Amino acid sequence: MKNSLLDRITIIPDVCNGKPTVRGLRITVETILQYLSSGDSSEEIINAYPFLEKLDIQACIAFALKNLSTSKNDIQLAS
């Protein structure tokens, strides 16, 4: 199922300057993650963008998780 989720994320050079988007639409993964991080629910995001599906939002989270687990983490935590 994860691969099918990730298939919903597209990177097209001429769409949103090549940033990862949902299904080639002009809504970036980053935008969805910003809404989620500010406390918006999936339902609120879907109400704002009715062309999105709940699986699209799950795909954004899966994409972010995949990128975190495959990239070097240079974040320094405060002690």
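Note that the structure is predicted; figures quoted are calculated from it, not measured.

Novice: Would you mind showing me how to read the overall build of the protein here?
Specialist: Check the secondary structure of the protein and you find 4 helices and 2 strands. With 79 residues in all, the protein has 27% of them scored as buried. Here the protein displays about 5,600 Å² of accessible surface, and carbon together with sulfur accounts for 54% of that area.

Novice: Please clarify how the confidence of the model for the protein should be interpreted in this entry.
Specialist: Detailed reading of the predicted coordinates is not advisable wherever pLDDT is low. Summarising the model, the protein shows a mean pLDDT of 90, and 85% of its residues fall at 70 or more. Taken element by element, the predicted model of the protein shows its lowest mean pLDDT in helix 1 (residues 2-6) (80) and its highest in helix 2 (residues 29-37) (98).

Novice: Any chance you could explain the packing of aromatic side chains here in plain terms?
Specialist: Each pair of aromatic rings is reported with the distance of its centres and the angle of its planes. As enumerated under the stated definition, the model contains 2 aromatic pairs in all. The interplanar angle of 75 degrees and the centroid separation of 5.9 Å between the aromatic rings of Tyr49 and Phe51 together place this pair among those described as edge-to-face. In this structure Phe51 comes out as partly exposed when scored by relative accessible area, which is 41%. By the ring-pair criterion, three or more aromatic residues cluster together here, those being Tyr35, Tyr49 and Phe51.

Novice: What is the right way to look at the nonpolar core in this model?
Specialist: The nonpolar side chains of a soluble globular protein tend to be buried, and buried together. Grouped together as the largest cluster of nonpolar side chains are 15 residues, with contacts concentrated most on Ile9, Val22, Ile27, Ile32, Ile45, Leu52 and Cys60. Within the residue set of this core, elements represented by two or more residues are helix 1, helix 2 and helix 4 (54-70). Apart from residues no more than four positions distant in its own chain, Val22 is found in contact with Arg8, Ile9, Thr10, Ile27, Ile32, Leu52, Asp56 and Cys60.

Novice: Explain unusual backbone geometry to me, please; I cannot follow it from the model alone.
Specialist: A negative phi angle is the norm for most residues apart from glycine, just as the trans form is the norm for most peptide bonds. For Asn17, which is not a glycine, the phi torsion comes out positive at approximately 55 degrees. Structurally, Asn17 is set in the loop between strand 1 (9-10) and strand 2 (21-22). Backbone geometry at Arg23 places phi at a positive 50 degrees, although glycine is not the residue there. Tracing the backbone shows Arg23 in the loop between strand 2 and helix 2. A relative accessible area of 34% places Arg23 in the partly exposed class.

Novice: Which parts of the structure should I look at to understand the packing of helix 2 against helix 4?
Specialist: Each packed pair of helices is defined by two parameters, the angle between the axes and the distance between the axes. The geometry of helix 2 relative to helix 4 is characterised by a closest axis approach of 9 Å and an angle of 100 degrees between their N-to-C directions. On the basis of their axis angle, the class for helix 2 and helix 4 is roughly perpendicular. Between helix 2, through Val29, Ile32, Leu33 and Leu36, and helix 4, the contact on the second element is made entirely by Ile57, Cys60, Ile61, Phe63 and Ala64.

Novice: Just to check I follow, could you spell out the environment of Leu33 for this structure?
Specialist: Mapping Leu33 onto the fold places it in helix 2. Residue class for Leu33 comes out partly exposed when judged on its relative accessible area of 27%. It is 7.0 Å that separates the C-alpha atoms of Leu33 and Cys60, two residues lying 27 residues apart in sequence. What Leu33 contacts, discounting residues up to four positions off in sequence, is Cys60, Ile61 and Ala64.

What counts and how
Residues numbered from 1 in each chain as written. Predicted model: local features only at pLDDT ≥ 70, side-chain atom pairs only at ≥ 80, totals over all residues. Heavy atoms only, no water. Helix = DSSP H or I, 4+ residues; strand = E, 2+ residues; numbered from the N terminus. Buried < 20%, exposed > 50% of the residue type's maximum accessible area, 1.4 Å probe, protein only. Areas by Shrake-Rupley, 256 points an atom, 1.4 Å probe, with all protein chains shown as cover. pLDDT = per-residue confidence, 0-100. Phe/Tyr/Trp six-rings, centres within 6.5 Å; stacked < 30°, edge-to-face > 60°. Core = buried A, V, L, I, M, F, W, Y, C linked by side-chain atoms within 4.5 Å. Contact = heavy atoms within 4.5 Å. Axes fitted to C-alpha atoms, helices over the stretch in contact; angles between N-to-C directions. Parallel < 35°, antiparallel > 145°, perpendicular 65-115°, else oblique.

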